[in-house]
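# Structural overview for review
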Amino acid sequence: PRVHAAEGSRDVSALCCEALAYKYRVIRYNLCLQRQRFPQCVELYRELAAHEAKLDYSFNFLFMIAAVLHKKPTAAVLRRLSDAEVLRMVKAPLEFPGGVEFQSSRVQLQTCANVTYNEGKEQEPALRTFLPCARCRAVVYCGKDCQRKDWKAGHKEA
């Protein structure tokens, strides 16, 4: 029993150290960002986003992949990002007035625009699975049938 307790406490200690290391990296990242040391920010951003991906936690850094680059926020996508793409995410809060909150609709599940056919209840199961209207790009549809029916019902006039 004592051996198991010691092993459990080591696991807790490891998690605690990992959490502290993450917080330390966040502080370093913010400091580098304030001082505009962007190459260091890129490296720290990758580490922080990888930590979020490992924990299946998309709040701060992985969120920016969808908000800025319009890609799915996954570990695989993160690994494939170029330094230039990571730099775009690093600089986004500095370049856009009000940060990236204006793009929050891009990281929310969308509802099919054909309200006549599905009464507006069809919501996409995952981010960016519904396709936008090829003409206006302002609305999304759950499938080609829905888009055709909405087009005939009057969307083409909009």
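From a predicted model like this one, the values you see are computed outputs, not experimental measurements.

### Details of the overall build of the protein
Secondary structure assignment for the protein yields seven helices and two strands. Counted from the first residue to the last, the protein has its helices and strands arranged as α-α-α-α-α-α-β-β-α. Residues classed as buried in the protein amount to 28% of the 158 residues present. Looking at the protein as shown, the accessible area adds up to about 10700 Å², and 55% of this sits on carbon and sulfur atoms.

### Concerning the pattern of salt bridges
Opposite charge on two side chains makes pairing possible when the charged atoms of those side chains draw close. This structure, assessed with the given rule, holds five salt bridges. Note that E18 is salt-bridged to K54, the shortest N-O span being 3.3 Å. On the criterion of sequence distance, the pair formed by E18 in helix 1 (residues 2-34) and K54 in helix 2 (residues 38-54) is long-range, its members being 36 residues apart. Given a relative accessible area of 61%, K54 falls into the exposed group. Here E47 makes a salt bridge to R25, at a shortest N to O gap of 2.8 Å. Separated by 22 residues along the polypeptide, E47 in helix 2 and R25 in helix 1 bring together distant segments of the chain. Given the relative accessible area of 27%, R25 is considered partly exposed.

### Observations regarding the confidence of the model for the protein
The predicted model of the protein averages 80 in pLDDT, with 80% of residues at 70 or higher. Of all helices and strands in the protein, the one with the weakest mean pLDDT is helix 6 (residues 115-118) (70), whereas helix 2 scores best (93). Predicted confidence is poor over residues 1-6, with pLDDT under 50, and the contacts of this stretch with residues over four places away or in other chains come to zero contacts.

The rules behind these values
- Residues numbered from 1 in each chain as written.
- Predicted model: local features only at pLDDT ≥ 70, side-chain atom pairs only at ≥ 80, totals over all residues.
- Heavy atoms only, no water.
- Helix = DSSP H or I, 4+ residues; strand = E, 2+ residues; numbered from the N terminus.
- Buried < 20%, exposed > 50% of the residue type's maximum accessible area, 1.4 Å probe, protein only.
- Areas by Shrake-Rupley, 256 points an atom, 1.4 Å probe, with all protein chains shown as cover.
- Salt bridge = Lys/Arg side-chain N within 4 Å of Asp/Glu carboxyl O.
- pLDDT = per-residue confidence, 0-100.
- Contact = heavy atoms within 4.5 Å.

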